[in-house]
Amino acid sequence: AVAAGSRTVTLFPGDGIGREISSALQKVFTAASVPVVWDTYDVGAEAAERTGSLITKEALDSVLRTGVCLKGPTATPIGKGHKSLNVTLRQTLDIYANVRPAKTIAAVPTRYEKVDIVIVRENTEDLYAGQEAVITDGVNISLKIITEKASTRIAKYAFEYAVANGRKKVSAIHKANIMKLTDGLFLECCRKVAKEYPQITYDERIIDATCMMLVQDPTKFDVMVLPNLYGDIVSDLAAGLIGGLGLTASSNYGQKAVLFEAVHGTAPDIAGKDLANPSALLFSGAMMLRHLGLKTHADQIENAVLKTLKGSVKTKDLGGNSTCSEFTNHVIKNL
Ligand code: NAD
């Protein structure tokens, strides 16, 4: 039975460390008495070995029904096999805006002190459209698809995000000097949308120069809007600026559903060893709770994770020796 006032959320624990960090998150949510009921489905490469399918219709239907999904990472074989489950989910559910904040965590020392960037990545097209072909022996192509519709939609999302979150600047990132038609169209759409938001400063930067600026002085950036591939790469770069992939959360917005997940992948090198840092998924969970209007619970969980990160219980990625379970127990203590 579902308790009165509870929200049902679809949970995909995922592959690799996905199971370990999802189970950590469920323990923390239970300890904090979060009014969320899980509708759980096995999806991903490990599930596919048993069921023959990366994701079942029931699992997809659940996301459409609940409108909110928390997802662990899922594995995609490199250079062969099936289309990525993530790409399939994004395209099927039309979750077009991937928001990846990278903000300095005082308890985690890095080279920079005041990083506070929000990456808004287009999620449905570009080189991730998966339109590849063998032209002739030794010559393969991949189509870079950029549309006016998707570019305008993501630019609007970035500016609306900036307004709603008290941000001052949106930077459009591109390589339109070389890809004049595709990145050129992306830029043209960003420029048009920028005119509707005179209160937000707008600038444009070329992707290669952006990477240099990010490592020299990341405080030069506020909200960044990027086509799919650059967005993917730059958000891992930004994760590195604030202490690594164990810490960065993300949300994926669309009309039909909103999906929350850590930026990192299945971490095959540490999977099954109880070594993963669950913070990134816990921060994603807090983002989800804010989306559900459960701000008090979101703050409680986020603060407990921040307090734990300040203490001596650290997972290996942050230079410690603690396990995922030990870290999780301390988060629960700090709730
Ligand atoms: P990865 O993010 O899984 O791992 C990169 C490095 O970061 C590894 O050394 C790993 O141990 C470390 N790391 C990542 N998350 C961590 C955590 N929570 N705690 C401690 N250390 C952590 O990237 P990869 O190795 O390039 O990809 C592995 C698989 O994950 C691939 O199949 C890839 O397709 C998939 N992937 C999935 C998603 C997703 O589902 N959203 C995202 C990225 C990659």
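Nothing here was measured: the structure is a model prediction, and the numbers come from that model.

Conventions we followed
Residues numbered from 1 in each chain as written. Predicted model: local features only at pLDDT ≥ 70, side-chain atom pairs only at ≥ 80, totals over all residues. Helix = DSSP H or I, 4+ residues; strand = E, 2+ residues; numbered from the N terminus. Rg over C-alpha atoms; globule rule 2.2 N^0.38 Å. Buried ≥ 20, exposed ≤ 12 C-beta atoms within 10 Å, placed from the backbone. Contact = placed C-beta atoms within 7 Å. Axes fitted to C-alpha atoms, helices over the stretch in contact; angles between N-to-C directions. Parallel < 35°, antiparallel > 145°, perpendicular 65-115°, else oblique. Near = placed C-beta within 6 Å. Nonpolar A, V, L, I, M, F, W, Y, C, P; charged D, E, K, R; others polar. Pairing = 2+ DSSP bridges. Right-handed = clockwise from strand over helix to strand, strands pointing away. Arc of directions from axis to C-beta. pLDDT = per-residue confidence, 0-100. Core = buried A, V, L, I, M, F, W, Y, C linked by C-beta atoms within 7 Å.

Q: What is the right way to look at the overall build of the chain in this model?
A: A count of helices and strands for the chain gives eleven helices and twelve strands. Since a compact globule built from 335 residues should have a radius of gyration of about 20 Å, the 20 Å found for the chain is in line with a globular shape. Every one of the 335 residues in the chain was classed for burial, and the buried ones make up 44%. Counting only contacts in the chain whose residues sit at least 6 apart along the sequence, the fraction spanning at least 24 positions is 75%.

Q: In this structure, what is going on with the packing of helix α7 (residues 207-216) against helix α8 (residues 228-241)? I would like to understand it.
A: Packed helix pairs are characterised by how far apart their axes lie and by the angle those axes make with each other. The geometry of α7 relative to α8 is characterised by a closest axis approach of 11 Å and an angle of 5 degrees between their N-to-C directions. The orientation of α7 relative to α8 falls into the category roughly parallel. Along the contact surface, α7 presents Ile207, Thr210, Cys211 and Leu214, while α8 presents Tyr230, Val234, Leu237, Ala238 and Leu241.

Q: Could you clarify how one ought to interpret the site of the ligand in this entry?
A: Within the structure, the ligand sits among 21 residues, and Pro73, His264, Gly265, Ala267 and Asn277 are positioned closest to it. Its residues assigned to classes, the shell around the ligand comprises nine nonpolar, nine polar and three charged.

Q: How do you make sense of the pairing of strand β1 (residues 7-12) when you look at a structure like this?
A: The side chains of a regular strand alternate, residue by residue, between the two faces of the sheet. With five bridges connecting them, β1 and strand β2 (residues 36-40) associate as parallel partners. Within the sheet, the bridge partner assigned to Leu11 lies in β2 and is Thr40. In terms of handedness, the path from β1 via helix α1 (residues 18-31) over to β2 forms a crossover that is right-handed. Note: β1 against strand β3 (residues 68-71), three bridges, orientation parallel. Counted as the bridge partner of Leu11 is Leu70 from β3.

Q: Would you explain helix α4 (residues 85-93) in this entry?
A: Residues separated by three or four positions in an α-helix point in the same direction, a consequence of the helix having 3.6 residues per turn. Within α4, burial applies to Leu85, Asn86, Leu89, Arg90 and Leu93. Buried positions in α4, seen along its axis, are confined to an arc of 135 degrees and lie on one side of it. If you follow the buried residues of α4, they end up packed against α3 (57-66), β4 (95-103), β11 (249-254) and β12 (258-262). Two residues or fewer after α4 comes Asp94, characterised by a positive phi angle close to 55 degrees.

Q: Quick question: what am I supposed to make of unusual backbone geometry here?
A: Trans is the common state for peptide bonds, and a negative phi is the common state for residues other than glycine. Positive phi is not limited to glycine here, since Asp94 has a value of about 55 degrees. Note that Asp94 resides in the loop between α4 and β4. Exposure remark for Asp94: the 16 C-beta atoms within 10 Å place this residue in the partly exposed category. You will see that Ala267, though not glycine, has its phi angle at about 45 degrees, which is positive. A count of 21 C-beta atoms within 10 Å places Ala267 in the buried class.

Q: In this structure, what is going on with the environment of Met179? I would like to understand it.
A: Take Met179: it is sitting in the loop between β8 (169-174) and α6 (182-195). In the structure, Met179 is positioned 23 residues away from Tyr202 in sequence and 21 Å away in space, judged by C-alpha atoms.

Q: When you look at the environment of Lys314 in this model, what are you seeing that I'm missing?
A: Looking at the secondary structure, you find Lys314 in the loop between α10 (295-310) and α11 (324-333). According to the C-beta neighbour criterion, Lys314 is buried, with 21 such atoms within 10 Å. Sequence spacing of Lys314 and Arg290 is 24 residues, and the spatial spacing of their C-alpha atoms is 26 Å. When neighbours within four sequence positions are excluded, Lys314 is seen to be in contact with Gly319, Gly320 and Ser322.

Q: Sorry if this is basic, but what is going on with the environment of Gly319 here?
A: Among the structural elements, Gly319 can be located in the loop between α10 and α11. Separated by 253 residues in the primary sequence, Gly319 and Thr66 place their C-alpha atoms 38 Å from one another.

Q: Would you take a moment to explain the sheet that holds strand β9 (residues 201-206) for this structure?
A: Sheet strands line up and pair through hydrogen bonds in the backbone, either parallel or antiparallel. Spatial ordering of the open sheet is given by β2-β1-β3-β12-β11-β4-β5-β10-β8-β9, a layout of ten strands whose pairing is mixed. Since the sheet does not close on itself, it has two edges, and those belong to β2 and β9, each with one partner. Strand-to-strand twist of the sheet, defined as the mean angle between neighbouring strand axes without regard to direction, takes the value 25 degrees. Pairing analysis gives seven bridges linking β4 to strand β5 (residues 116-122), with the strands arranged antiparallel. Residue pairing in the sheet places Arg100 in a bridge with Ile119 of β5. In the packing of α3 onto the sheet, contacts are made with β1, β2 and β3, and the angle to β1 comes to roughly 150 degrees.

Q: So what exactly am I meant to see when it comes to the confidence of the model for the chain here?
A: Parts of the prediction with low pLDDT should not have their coordinates interpreted in detail. Mean pLDDT over the chain works out to 94, with 98% of the residues at or above the 70 mark. The ipTM assigned to the predicted complex is 0.98, against a pTM of 0.92.

Q: Please explain the nonpolar core as it appears in this structure.
A: Most often, soluble globular proteins keep nonpolar side chains buried together rather than apart. Counting 91 residues, the largest nonpolar core has Ile119, Val120, Ala158, Cys190, Met224, Val225 and Leu282 as its most contacted members. The element contributing the most residues to this core is helix α9 (residues 279-291), with eight residues. When neighbours within four sequence positions are excluded, Cys190 is seen to be in contact with Ala155, Ala172 and Val225.

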